[in-house]
Amino acid sequence: MAIYPKLILDALSKVRYPGNGKDLVSAGMIEDDIRIDGNKVTFSIVFDRTNDPFMKSVVKAAETAILTYVGEEVDIKGNINVKSKQQQRPQPEKLLPQVKNIIAVSSGKGGVGKSTVAANLAVALARQGYKVGLLDADIFGPSVPKMFGEEEARPYAENIDGRDMIIPVEKYGVKILSIGFFVDKDNAVVWRGGMASNALKQLISDAAWGELDYFVLDLPPGTSDIHLTLVQTLAITGAIVVTTPQEVALADARKGIDMFSNDKVNVPVLGLVENMAWFTPAELPGNRYYIFGKEGGKKLAEQLEIPLLGQIPVVQSICEGGDNGLPVALNPDTATGMAFAELARKVVLSVDRRNETLPPTDKVKVAR
């Protein structure tokens, strides 16, 4: 059967946009870029906003309509691009204009090794040749200074283009900043939410991050003011959620994923990382002991239809590396080093796929 543009448009005229009840064609949402290569069909749907709440459902309905009215043999899944009219409007000056991708590393609960994953992901990306920054956004429990062996570091300010800018500490090829550099490491940070949010904004906007391929944000566990501050301050490229295989951790991971993917926030979830996936003793490197449950993170990723970016084993060197300021990702010949190198590779692929198929994320406006 021959496929031609009119067949595609006729099928798309059966799909209605929930926001106004009009079909996609008469509403002018189908861009004049339909391409047909054998059975492969590509085109773009234009939405008013980058964070349109109906974006995912409309794309899925368009795929279904083409398979139903044109033919089941049409290769359309994943070939529909989404664009936004906001992209065509003059944009205000972008915060961190030299940063290409911003990745939030989050977890539904504490104790799952989120900071370990964020730190080692940053190091692994740097080892693969990328320019990387790491912001410790856990204001009340900063751990990045210790994990990089820089607890005594005190970043200084430098006048750049008339502004006093904080110069991030650089270690293992990663630019890092943390509130831990500016407070006594033995004293608790007892601040109200507004103070913590303002401090975080300053670490973002008043720091000379420079040109970065990946800016990794180590978020605090759960959902809080800090998370809202970040999505309102930065256009986050995507989020990574860290969990362990335990049911209690998986339940909270679901909430963390929902926080980013719900219609009000709408930050793409790049995938899930299952940390502490199994225990491997140093003297028996070929053995795996599933002390926290087996493949709970993998099953959750399948249920929610998001990528499983990595399964990180528990080995003694991870704890020792974090305590000694030597992230295990520095040694790619170990099992954990290889796991983090593979995680970095999959994150790069996931970010590239996200950037090819979705418009740039917009800062979120969340009602107080």
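As a reminder, the structure under discussion sits directly above these lines.
Just so we're clear, the structure is a prediction, and the values are computed from it rather than from any experiment. (Residues numbered from 1 in each chain as written. Predicted model: local features only at pLDDT ≥ 70, side-chain atom pairs only at ≥ 80, totals over all residues. Heavy atoms only, no water.)

Details of the sheet that holds strand β4 (residues 99–107)
And step 1. The sheet built from eight strands is open, its strands ordered β8-β9-β5-β10-β4-β11-β12-β13 with mixed pairing. Looking along the sheet, the strands with just one partner apiece sit at the ends: β8 (169–171) and β13 (308–314). For this sheet, the mean inter-axis angle between neighbouring strands, taken without regard to orientation, is 25 degrees.
And step 2. Sheet strands touched by helix α3 (residues 114–127): β4, β5 (132–136), β9 (174–178), β10 (212–218), β11 (238–243) and β12 (269–279). Its angle to β10, the strand with the most contacts, is close to 170 degrees. (Pairing = 2+ DSSP bridges. Helix = DSSP H or I, 4+ residues; strand = E, 2+ residues; numbered from the N terminus. Axes fitted to C-alpha atoms, helices over the stretch in contact; angles between N-to-C directions. Contact = heavy atoms within 4.5 Å.)

Structural notes on the packing of α3 against helix α10 (residues 335–357)
And step 1. Between α3 and α10, the least distance of the axes is 9 Å, while the angle of their chain directions is 80 degrees. Here α10 runs roughly perpendicular to α3, going by the angle between their axes. Between α3, through Thr-116, Val-117, Asn-120, Leu-121, Ala-124 and Leu-125, and α10, the contact on the second element is made entirely by Phe-340, Ala-341, Leu-343, Ala-344, Val-347 and Val-348.
And step 2. For the contact of α3 with α10, the per-class residue count stands at 10 nonpolar, two polar and no charged. (Parallel < 35°, antiparallel > 145°, perpendicular 65-115°, else oblique. Nonpolar A, V, L, I, M, F, W, Y, C, P; charged D, E, K, R; others polar.)

Section: the sheet that holds strand β1 (residues 35–37)
In any sheet, the strands associate via hydrogen bonds between backbone groups, in a parallel or an antiparallel arrangement.
And step 1. Read from one edge to the other, the open sheet built from three strands follows the order β1-β2-β3, with strand pairing classed as mixed. Edge positions in the sheet fall to β1 and β3 (80–84), since each of these pairs with one other strand and no more. Neighbour-to-neighbour, the strand axes of the sheet open up by a mean angle of 20 degrees, direction not taken into account.
And step 2. The strands touched by helix α2 (residues 55–69) are β2 (40–47) and β3; relative to β2, the strand with the most contacts, the crossing angle is about 145 degrees.

Points about the environment of Ala-157
And step 1. Relative to the elements of secondary structure, Ala-157 occurs in strand β6 (residues 157–160).
And step 2. The spacing of Ala-157 and Pro-168 is 11 residues in sequence and 9.2 Å in space, taken between C-alpha atoms.
And step 3. The residues touching Ala-157, leaving out its near neighbours within four places in the chain, are Met-165 and Ile-166.

With respect to the pairing of β4
And step 1. Most of β4 sits out of view: eight of its nine residues are buried.
And step 2. Sheet analysis places β4 next to β10, joined by six bridges and oriented parallel. By the bridge assignment for β10, Ile-103 is matched with Val-216.
And step 3. Across five bridges, the pairing between β4 and β11 is parallel. Residue Ser-107 lies in a different strand from β11, and its bridge partner there is Val-242. (Buried < 20%, exposed > 50% of the residue type's maximum accessible area, 1.4 Å probe, protein only.)

Read these as layout, nothing more, since geometry by itself doesn't imply function.
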